[in-house]
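Descriptive structure summary
One letter stands for each residue in the lines below.
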Number of protein chains: 2
Amino acid sequence: MDKDNMKISMAVIRRLPKYHRYLKDLLEKDIKRISSKELSKIMGLTASQIRQDLNNFGGFGQQGYGYNVEALFEEIEGILGLDKHYNTIIVGAGNLGQAIANYTNFEKAGFLPKGMFDINPKLIGLKIRDIQILDADHMEEYIKANGITIGIICTPKEQAQSVADRLVKCNIQGIWNFAPVDLNVPEHVILENVHLSESLFTLSYLLNHRDE
Amino acid sequence: MDKDNMKISMAVIRRLPKYHRYLKDLLEKDIKRISSKELSKIMGLTASQIRQDLNNFGGFGQQGYGYNVEALFEEIEGILGLDKHYNTIIVGAGNLGQAIANYTNFEKAGFLPKGMFDINPKLIGLKIRDIQILDADHMEEYIKANGITIGIICTPKEQAQSVADRLVKCNIQGIWNFAPVDLNVPEHVILENVHLSESLFTLSYLLNHRDE
């Protein structure tokens, strides 16, 4: 990848998984080739937006001939880093942590849940699928011993920053945070948040301002 | 609300729940007043961004005196529609649906989970907290009888569109969709998506392009 990639906006980056999802659907339907116009229709983007987005990564289309679905899918898999495996842990083994542990689609995409951690003695020792819930006290040694690169934080908000601090000290590369709090992490650690309440409250705003 | 609100961008709207969250934290810490400069520091926005955002809704600050935390919090609660109650149902009572049913914070914010629906006979009849899992066949009558305004879709992607169609026919006002698919709903129905995979894949992209 060249330096130009530095300029790729987060808006474009956040659309890549959407391309990935649509191309995967097309592949499953055995569609071999698609024009940017057709792709734009099903994705709800403009054809020019799609061409611009993909040009950030070198294009891939042939004028007047459209995109090779499988080739484009594989390119985007690679760009997203989905051609690799990531060892992950889930910190906080409550309902949300368990839901994520049970979500086999993440595993199929290469995000391997290696262990779960909690402080609740009632949870420690249980298994979700074949993922054991371990004592949070042993998190640091586990991360080091198992080459964990991504930590998924599913704790209450009060614990989330201290969990993040511990993950950072263990040289974790990325944090996927579900706690409703903005975490402070050093710049070299990638932090991605899922703030469910913010999504629900946006829905609520839109419900209340429909007729304006 | 006047017509000017039509122009409020989604970017501003999506920041409102964040203001709400930070102001709530300040209230819990018993902080009565905050300058836009201080608020900008803790929120990671610029002070001028904050003033601009809040000006969309009439301002609320006094020059040189800052914001009254409680008053601003209550204003934003109202703008977000969090001063009301919403009867909701969860469709799909698997792990994710159960996690959401267990998430009492949504209930505290006024989103009351009235029932859950599934097609799996092993789940039908079970209770999550005091929320019963019902047969999806009875969804329509339940929605009408219980004044349900929001449907939360936690089904696999294959079922999501047909569930959405059924919700729309029952005059549901809003859909909070967790299925990894873009749903087609009429314009008057508010659709808010949580695409967890897209968030995870964005993290993966950023992990793989850290050094560019």
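Nothing here was measured: the structure is a model prediction, and the numbers come from that model.

Regarding the interface of chain A and chain B
Listed as interface residues are 62 residues of chain A and, on the opposing side, 62 residues of chain B. Between chain A and chain B, the buried area comes to about 5,900 Å², and carbon and sulfur atoms account for 64% of it. The largest share of the area that chain A buries against chain B comes from F201, Y205 and E212 of chain A, three residues that together contribute 12% of it. Summed over the shared surface of chain A and chain B, the number is 10 salt bridges. A salt bridge links K18 of chain A to D182 of chain B; the shortest N-O distance between them is 3.4 Å. Here chain A and chain B share 32 residue pairs in polar contact (both at pLDDT 80 or more) between them. Elements with a contribution of two residues or more to the side of chain A that touches chain B: α1 (10-28), α4 (69-80), α5 (95-102), β8 (174-177), β9 (190-193) and α9 (196-208) of chain A. At 13 residues, α9 of chain A tops the list of elements feeding residues into the side of chain A that touches chain B. Residue classes in the side of chain A that touches chain B are distributed as 34 nonpolar, 16 polar and 12 charged.

Some remarks on the UniProt feature "binding site: NAD(+)" (unreviewed entry) in chain A
Residues annotated in UniProt with the feature "binding site: NAD(+)" (unreviewed entry) correspond here to G92, A93, G94, N95, L96 and G97 of chain A. Along the chain, the position of L96 of chain A falls in helix α5. Judged by relative accessible area, which is 16%, L96 of chain A ranks as buried. The contacts of L96 of chain A, once residues within four sequence positions are left out, are C154 and F178 of chain A together with A99 of chain B. With respect to the helices, strands and loops of the structure, G97 of chain A is situated in helix α5. If sequence neighbours within four positions are ignored, G97 of chain A has contacts with I90, G92, M116 and C154 of chain A.

Considerations on the UniProt feature "domain: CoA-binding" (unreviewed entry) in chain A
The positions UniProt marks with the feature "domain: CoA-binding" (unreviewed entry) are residues 81-182 of chain A. Helix makes up 32% of residues 81-182 of chain A and strand 28%. Its end C-alpha atoms lie 25 Å apart.

What to know about the sheet that holds β8 of chain A
Pairing between sheet strands relies on hydrogen bonds along the backbone, with the strands arranged either parallel or antiparallel. Residues and elements named next belong to chain A. In spatial order, the strands read β5-β6-β4-β3-β7-β8-β9; together these seven strands make up an open sheet with mixed pairing. A strand with exactly one partner marks an edge of an open sheet, and here the two such strands are β5 (127-128) and β9. Across four bridges, β8 lies against β9 in parallel orientation. Pairing of N177 across the sheet is with N193, part of β9.

Points about helix α1 (residues 10-28) of chain B
Between the first and last C-alpha of α1 of chain B there are 28 Å, a value that for 19 residues agrees with the 27 Å anticipated at 1.5 Å per step. A positive backbone phi angle near 65° is found at D30 of chain B, which sits one or two residues after α1 of chain B.

Looking at the sheet that holds strand β7 (residues 150-153) of chain B
All names here are of chain B. On the basis of which strands lie adjacent, the open sheet formed by seven strands has the order β5-β6-β4-β3-β7-β8-β9 and mixed pairing. Across the chains shown, the open sheet's two edge strands, defined by having one partner strand only, are β5 (127-128) and β9 (190-193). Relative to β7, strand β3 (residues 86-91) runs parallel, the two being bridged by four bridges. Bridge pairing in β7 links I89 to G151. In the packing of helix α8 (residues 157-169) onto the sheet, contacts are made with β3, β7 and β8 (174-177), and the angle to β7 comes to roughly 170°.

Some details on the packing of helix α2 (residues 36-43) of chain A against helix α3 (residues 47-55) of chain A
Residues and elements named next belong to chain A. Running from N to C, α2 and α3 cross one another at 105°; their axes reach a closest spacing of 8 Å. For the element pair α2 / α3, the angle class is roughly perpendicular. The residues of α3 that touch α2, namely those facing S36, K37, L39 and S40, are A47, I50 and R51. Along the lines of polarity and charge, the residues of the contact of α2 with α3 split into three nonpolar, two polar and two charged.

With respect to the packing of α5 of chain A against helix α5 (residues 95-102) of chain B
Following both chains from N to C, one finds α5 of chain A and α5 of chain B inclined at 170°, their axes separated by 8 Å at the closest point. It follows that α5 of chain A is roughly antiparallel to α5 of chain B by the angle criterion. Residues N95, L96, A99 and N102 of chain A of α5 of chain A form the contact with α5 of chain B, whose own contacting residues are N95, L96, A99 and N102 of chain B. The residue inventory of the contact of α5 of chain A with α5 of chain B, partitioned by class, reads four nonpolar, four polar and no charged.

Analysis parameters
- Residues numbered from 1 in each chain as written.
- Chains lettered and ligands numbered in written order.
- Predicted model: local features only at pLDDT ≥ 70, side-chain atom pairs only at ≥ 80, totals over all residues.
- Heavy atoms only, no water.
- Contact = heavy atoms within 4.5 Å.
- Buried area = accessible area lost by both parts, 1.4 Å probe.
- Salt bridge = Lys/Arg side-chain N within 4 Å of Asp/Glu carboxyl O.
- Polar contact = N/O pair within 3.5 Å; in protein donor to acceptor, adjacent residues only side chain to side chain.
- Helix = DSSP H or I, 4+ residues; strand = E, 2+ residues; numbered from the N terminus.
- Nonpolar A, V, L, I, M, F, W, Y, C, P; charged D, E, K, R; others polar.
- UniProt positions renumbered as here; feature names shortened; annotations may be inferred.
- Buried < 20%, exposed > 50% of the residue type's maximum accessible area, 1.4 Å probe, protein only.
- Pairing = 2+ DSSP bridges.
- Expected span 1.5 Å × (residues − 1).
- Axes fitted to C-alpha atoms, helices over the stretch in contact; angles between N-to-C directions.
- Parallel < 35°, antiparallel > 145°, perpendicular 65-115°, else oblique.

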